[in-house]
Amino acid sequence: AEFTVCWKNIMGNADPSKYFTSDNDDYIIALNDSGEACLRYPDVPDVSAEGFEGDYDGEGHGITVSASEGAEIKHGTSEGSYTLTDNPTYTDAGTYTVYYEASMEKHTSVYGSAVVQIDPIDVTVTVTGHNDTADYDGKAHSIEGYDAAASSDLYDVTKDFTFSGTAKAERT
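Quantities reported herein were computed from a predicted structural model and do not represent experimental measurements.

**Q** What am I meant to see in the overall build of the chain here?
**A** Scanning the chain for helices and strands turns up 1 helix and 12 strands. Listed N to C, the secondary structure of the chain is α-β-β-β-β-β-β-β-β-β-β-β-β in terms of helices and strands. With 172 residues in all, the chain has 20% of them scored as buried. Once local pairs closer than 6 in sequence are excluded, the contacts in the chain between residues at least 24 apart make up 48%. Entry remark: accessible area of the chain is about 12,000 Å², with carbon and sulfur atoms responsible for 43%.

The following block contains the structure:
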């Protein structure tokens with residue numbers, strides 16, 4: 001503790017690894033979160049993450065995390081919870097943050113996050129009422145129903161569309 005106080009008072013936030021070395025390659029000398037000089041395992045090397053940004057295409061999208069050989073990558077949908085071995089993927093338009101932990105024996109875990117952003121696409125839905133013709137006979141005739149079509153095959157009018165009007169026409 002006395003060394004740490006002296007280091008901070010004299011050297012401030014200077015990197016102690018520039019002034020001290022360890023004869024054990026398993027450890028590095030670094031400042032911890034409190035600014036104290038300490039021995040610790042080095043970070044998992046070569047960790048990088050890439051998110052996704054693109055238009056809705058009906059496919060699942062996630063992030064890509066890479067690290068040195070031997071590293072284990074775990075994912076999570078909330079910070080601090082890295083329990084998923086498979087990368088979560090998202091299909092619907094929206095913005096999603098995926099968190100990750102890269103761990104490796106005799107290394108300090110590296111944590112981070114990347115964003116999956118799926119942008120909505122413009123779709124036009126055309127509703128066409130059914131029609132029929134009949135010769136006049138003094139009786140009421142009616143037709144019911146409609147057809148709906150979307151301008152994109154990615155839009156399912158049977159699931160993504162609600163018609164709230166009357167689908168019946170009647171006349172004498």
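Structure shown, so let's carry the discussion forward.
**Q** Help me out: how do you make sense of the side chain of Ser 152 in this one?
**A** Within the secondary structure layout, Ser 152 lies in the loop between β11 (146-150) and β12 (168-171). A distance of 3.1 Å separates a polar atom in the side chain of Ser 152 from the backbone nitrogen of Leu 154. Not counting residues up to four positions away in its chain, the partners in contact with Ser 152 are Ile 121 and Val 123.

**Q** Which parts of the structure should I look at to understand the sheet that holds strand β4 (residues 52-55)?
**A** The pairing of strands in a sheet comes from backbone hydrogen bonds and takes either a parallel or an antiparallel form. As summarised here, the arrangement of the 4 strands in space is β4-β8-β7-β6, forming an open sheet in which the pairing is mixed. In this open sheet, the two strands that pair with only one neighbour each are β4 and β6 (72-76). Here the average twist between neighbouring strands, direction ignored, is 20°. Summarising the sheet, β6 and strand β7 (residues 94-103) pair through 5 bridges and their orientation is antiparallel. What sits directly across from Glu 72, in β7, is Ser 103.

**Q** Is there a simple way to explain the layout of surface pockets in this structure?
**A** The gaps left among the atoms become clear once a water-sized probe is rolled over them. Its boundaries defined by the atoms lining it, the largest pocket holds a volume of some 200 Å³. Together, 14 residues line the largest pocket, and Asp 132, Ala 134, His 141, Ser 142 and Arg 171 are the ones closest to its centre. Elements with a minimum of two residues in the lining of the largest pocket: β10 (141-144) and β12. Across the lining of the largest pocket, the residue classes break down as 4 nonpolar, 4 polar and 6 charged.

**Q** For this particular structure, what's the right way to read the nonpolar core?
**A** Soluble globular proteins tend to bury their nonpolar side chains together. Ranked by size, the top nonpolar core spans 13 residues in total, and within it Val 44, Ile 63, Val 65, Tyr 90, Val 98 and Val 116 carry the most contacts. The set of elements that each furnish at least two residues to this core consists of β7 and β8 (110-119). Ranked by the residues each element gives to this core, the list is headed by β8, at 4 residues. Val 65 has contacts with Ser 48, Ala 49, Ile 73, His 75 and Tyr 100, leaving out every residue within four places of it along the chain.

**Q** I tried to follow the pattern of salt bridges on my own but got confused; where do I start?
**A** In the structure shown here, the tally under the stated rule is 1 salt bridge. With its nearest N and O atoms 4.0 Å apart, the salt bridge here joins Lys 74 to Glu 72. A residue is classified by how much of its surface remains accessible, and Lys 74, at 27% relative accessible area, is partly exposed. Owing to a relative accessible area of 40%, Glu 72 belongs among the partly exposed residues under this scheme.

Conventions we followed
- Residues numbered from 1 in each chain as written.
- Predicted model: local features only at pLDDT ≥ 70, side-chain atom pairs only at ≥ 80, totals over all residues.
- Heavy atoms only, no water.
- Helix = DSSP H or I, 4+ residues; strand = E, 2+ residues; numbered from the N terminus.
- Buried < 20%, exposed > 50% of the residue type's maximum accessible area, 1.4 Å probe, protein only.
- Contact = heavy atoms within 4.5 Å.
- Areas by Shrake-Rupley, 256 points an atom, 1.4 Å probe, with all protein chains shown as cover.
- Polar contact = N/O pair within 3.5 Å; in protein donor to acceptor, adjacent residues only side chain to side chain.
- Pairing = 2+ DSSP bridges.
- Axes fitted to C-alpha atoms, helices over the stretch in contact; angles between N-to-C directions.
- 1 Å grid on protein atoms, 1.4 Å probe; cavity = no way out; pocket = protein on both sides within 12 Å on 5 of 7 lines; lining within 4 Å.
- Points joined across faces, edges and corners; volume = space filled by probe spheres on them.
- Nonpolar A, V, L, I, M, F, W, Y, C, P; charged D, E, K, R; others polar.
- Core = buried A, V, L, I, M, F, W, Y, C linked by side-chain atoms within 4.5 Å.
- Salt bridge = Lys/Arg side-chain N within 4 Å of Asp/Glu carboxyl O.

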